[in-house]
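Now for the letters of each chain:
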Amino acid sequence: MVDLSQVIVEGMITYPGIPGPTLGAHLTFEESAAHYAAGTEFAIGTISMAANTGTYLDTPAHRYRDGQDLSQLSLDKMVDRPGVVVRARTLATPGGRAVDEAFLRAALDDVDPAGRAVLIETGHSDHWGTPAYFTDHPYLTDDAVEFLVSARPALVGIDSLNIDSTHTGRRPAHSWLLAAQIPVVEHLTRLGELPDTGFRFTAAPPAVRGMATFPVRAFAIVDG
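How each quantity is defined
Residues numbered from 1 in each chain as written. Predicted model: local features only at pLDDT ≥ 70, side-chain atom pairs only at ≥ 80, totals over all residues. Heavy atoms only, no water. Phe/Tyr/Trp six-rings, centres within 6.5 Å; stacked < 30°, edge-to-face > 60°. Core = buried A, V, L, I, M, F, W, Y, C linked by side-chain atoms within 4.5 Å. Buried < 20%, exposed > 50% of the residue type's maximum accessible area, 1.4 Å probe, protein only. Helix = DSSP H or I, 4+ residues; strand = E, 2+ residues; numbered from the N terminus. Contact = heavy atoms within 4.5 Å. Arc of directions from axis to C-beta. Polar contact = N/O pair within 3.5 Å; in protein donor to acceptor, adjacent residues only side chain to side chain. Axes fitted to C-alpha atoms, helices over the stretch in contact; angles between N-to-C directions. Parallel < 35°, antiparallel > 145°, perpendicular 65-115°, else oblique. Nonpolar A, V, L, I, M, F, W, Y, C, P; charged D, E, K, R; others polar. Pairing = 2+ DSSP bridges.

Regarding the packing of aromatic side chains
Reasoning step 1: Scanning the entire structure with this criterion turns up three aromatic pairs.
Reasoning step 2: When the centroid spacing of 6.0 Å and the interplanar angle of 80° are considered together, the rings of Y133 and F134 count as edge-to-face.
Reasoning step 3: A network of ring pairs unites the aromatic residues W128, Y133 and F134 as a single cluster.

Considerations on the nonpolar core
Reasoning step 1: If you look at the biggest cluster of nonpolar residues, it comprises 25 residues, and the most contacted ones within it are V99, I120, L140, L148, I163 and L177.
Reasoning step 2: Among the secondary structure elements, those contributing two or more residues to this core are β5 (81-87), α2 (101-108), β7 (117-121), α3 (142-151), β9 (155-158) and α4 (172-179).
Reasoning step 3: In contact with V99, other than residues within four places in its own chain, are A88, L91, L104, I120, Y139, L140, T141 and A144.
Reasoning step 4: Formed by 19 residues, the second largest nonpolar core is a distinct cluster that contains M78, V85, A117 and V216.

Here's the deal with α2
Reasoning step 1: Where α2 is concerned, the buried positions are F103, L104 and L108. End-on view of α2: buried residues confined to an arc of 120°, all on one side of the axis. Across α2 from its buried face, at more than 90 degrees, point the exposed residues A102 and A106.
Reasoning step 2: Turning to α2, the residues buried within the fold contact β5, β6 (98-99) and α3.
Reasoning step 3: Its side-chain oxygen 3.4 Å from the backbone nitrogen of A102, D100 forms the N-cap of α2.
Reasoning step 4: Backbone geometry just downstream of α2 places D109 in the positive-phi region, at approximately 55°.

So, α3
Reasoning step 1: Every buried residue of α3 is listed here: A144, V145, F147, L148 and A151. With its buried residues spanning 160° around the axis, α3 presents them on a single face.
Reasoning step 2: Where α3 is buried, its residues touch β6, α2, β7, β8 (139-140), β9 and α4.
Reasoning step 3: The positive-phi residue at the C-terminal boundary of α3 is R152, with phi of around 60°.

A few points about unusual backbone geometry
Reasoning step 1: For D136, which is not glycine, the phi dihedral falls at a positive 45°.
Reasoning step 2: Within the secondary structure, D136 is located in the loop between β7 and β8.
Reasoning step 3: The class for D136 is partly exposed, based on a relative accessible area of 47%.
Reasoning step 4: Positive phi is not limited to glycine here, since R190 has a value of about 60°.
Reasoning step 5: Along the polypeptide, R190 turns up in the loop between β10 (184-186) and β11 (199-202).

With respect to the side chain of N162
Reasoning step 1: Mapped onto the secondary structure, N162 falls in the loop between β9 and α4.
Reasoning step 2: Among the polar contacts listed, one links the side chain of N162 to the backbone nitrogen of D164, at a separation of 2.8 Å.
Reasoning step 3: In this view, N162 contacts Y15, H137, P138, Y139, R171, H174 and E186; residues no more than four positions away in its chain are not counted.

What to know about the packing of α2 against α3
Reasoning step 1: One can describe the packing of α2 onto α3 by two numbers: an axis separation of 7 Å at closest approach and a directional angle of 45°. Classified by the angle between their axes, α2 and α3 sit oblique to one another. Residues E101, L104, R105 and L108 of α2 touch α3, and the partners they reach there are D143, A144, F147 and L148.
Reasoning step 2: Taken together, the residues of the contact of α2 with α3 sort by class into five nonpolar, no polar and three charged.

Things to note about the sheet that holds β10
Reasoning step 1: Spatial strand order, β1-β13-β11-β5-β7-β9-β10-β4-β12: nine strands in an open sheet with mixed pairing. The open sheet terminates on both sides in strands that have one partner only, identified here as β1 (2-3) and β12 (213-215).
Reasoning step 2: Where β5 lies against β7, five bridges are found, and the strand directions are parallel. Bridging from a neighbouring strand, V85 pairs with L119 of β7.

Encoded structure:
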């Protein structure tokens, strides 16, 4: 079992301009003592955070006003999906690392992405928690996204700041994948610990009505 999620820490920055989470207490151990038998204590915490914090899943409602939200997206899109890892650490282009269709096709070889969780390992998660994480991040090109939409994976994930290039206001990966009801998971980590295939992937958020994105505990169970 491989944990593929970033740990959420108070004040951490996941994406420039999005505030970090704030932790608090609704009830402390000391405050609870008066309500229970001697030696019996409980703590109830609080958290205030943007939904795009840590490793999180985007539903169609993240991009489209009438898209499925967290309470509507089917579990079979994000739970116990057979997975495949696309190894893209070697890519290097000016201004970032663009994963294009030709690279995806070659990396997938004879693996059919249909119904799978396609996880793109770029190695960018190595920079998590440093300024380098916010610059020159890997992303998918237009033709790579078109290929994935036609291939019909259950989900697409990446260990990068954004699945799209952030050099312009265009967001083709979010726009086209989410229009096709293919959820996106960003800020994954430790994808290098997975085999290319032979594992099952889960990244399920809580079913919050009216919310489009939320952190997940993403993990994989390796076959055998």
